[in-house]
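# Report on the structure
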Amino acid sequence: MRRYSEDNSNNVAEAKCNMCGRNLKLKNGLIIEGNMSVNYPWGYFSDKDGEIHKFDICQSCYDKLVKNFVIPVDVEEN
Ligand SMILES: [Zn+2]
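These numbers were taken from a predicted model, which means no experiment stands behind them.

## Description of unusual backbone geometry
- Phi angles above zero are rare outside glycine, and N28 is one such case at about 50°.
- Structurally, N28 can be placed in the loop between β3 (26–27) and β4 (30–31).
- Overall, N28 belongs to the exposed group, its relative accessible area being 69%.

## Section: the environment of C17
- With respect to the secondary-structure elements, C17 resides in the loop between β2 (12–15) and β3.
- With 27 residues separating them along the chain, C17 and Y44 place their C-alpha atoms 28 Å apart.
- Beyond its immediate chain neighbours, meaning those up to four positions away, C17 contacts R22, L24, D56, I57, C58 and C61.

## As for the packing of aromatic side chains
- Applying the stated rule across the entire model yields two aromatic pairs.
- Each ring, one from Y40 and one from W42, has its centre 5.1 Å from the other, and the planes form 90°; the classification is edge-to-face.
- Looking at W42, the relative accessible area reads 33%, which means it is partly exposed.
- One residue, K48, lies across the ring of W42, its end atom 5.3 Å from the ring centre.

## Notes on the nonpolar core
- Core analysis: the largest hydrophobic core is formed by eight residues, namely V12, A15, C17, L24, I31, I57, C58 and C61.
- Sorting the residues of this core by element identifies β2 and β6 (52–58) as the ones contributing at least two each.
- Beyond its immediate chain neighbours, meaning those up to four positions away, V12 contacts R2, R3, Y4, L26, G29 and I31.

## Quick look at the coordination of the zinc ion
- Taken together, the protein donors to the zinc ion comprise C17 (SG), C20 (SG), C58 (SG) and C61 (SG), at separations of 2.3 to 2.4 Å.
- Its four donor atoms give the zinc ion angles of 104 to 118° at the centre, a pattern that matches the tetrahedral case.
- Considered as a linear motif, the donors of the zinc ion on their single chain read C-x2-C-x37-C-x2-C. Taken together, the residues span a long stretch of sequence, with C17 in the loop between β2 and β3 and C58 in strand β6 at a distance of 41 residues.

## Re a nonpolar patch on the surface
- A contiguous nonpolar patch, built from F69, V73 and V75 and spanning about 290 Å² of accessible area, is present on the exposed surface.
- Looking at the secondary structure, you find F69 in the segment after α1 (59–67).
- Relative accessible area serves as the criterion here: at 42%, F69 is assigned to the partly exposed category.

## Thoughts on the side chain of D56
- By the secondary structure assignment, D56 is in strand β6.
- Within the structure, the side chain of D56 is placed 2.7 Å from the side chain of R2, a separation counted as a polar contact.
- In terms of polar contacts, D56 uses its side chain to reach the side chain of S37, at 3.3 Å.

Cut-off values and rules
Residues numbered from 1 in each chain as written. Predicted model: local features only at pLDDT ≥ 70, side-chain atom pairs only at ≥ 80, totals over all residues. Heavy atoms only, no water. Helix = DSSP H or I, 4+ residues; strand = E, 2+ residues; numbered from the N terminus. Buried < 20%, exposed > 50% of the residue type's maximum accessible area, 1.4 Å probe, protein only. Contact = heavy atoms within 4.5 Å. Phe/Tyr/Trp six-rings, centres within 6.5 Å; stacked < 30°, edge-to-face > 60°. Lys NZ or Arg CZ within 6 Å of the ring centre and 35° of its normal. Core = buried A, V, L, I, M, F, W, Y, C linked by side-chain atoms within 4.5 Å. Donors = N, O, S within 2.8 Å, 3.2 Å for Na, K, Ca; no water. Tetrahedral: all angles 85-135°; square planar, octahedral: opposite > 155°, others 65-115°. Patch = residues over 30% accessible without salt bridge, like charges linked within 9 Å, V, L, I, M, F, W, Y side chains within 5 Å. Areas by Shrake-Rupley, 256 points an atom, 1.4 Å probe, with all protein chains shown as cover. Salt bridge = Lys/Arg side-chain N within 4 Å of Asp/Glu carboxyl O. Polar contact = N/O pair within 3.5 Å; in protein donor to acceptor, adjacent residues only side chain to side chain.

Read these as layout, nothing more, since geometry by itself doesn't imply function.
Below is the structure:
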């Protein structure tokens, strides 16, 4: 979960991990630690068509989440 400054900039004013609720580290309006930001528009064939779901997960919670996957995440060099 992130909240932006009210000055219409892209500066993040507050960011929390949706999974554990911890505040993500911020500096000058940027998140300065590993996190996964999801901004997903559900499609026509889902029962959430027309909804955009947004959340942030810290790196520690990401590791816990994907550990439960039956098929591991594909990882490649970026
Ligand atoms: Zn977390």
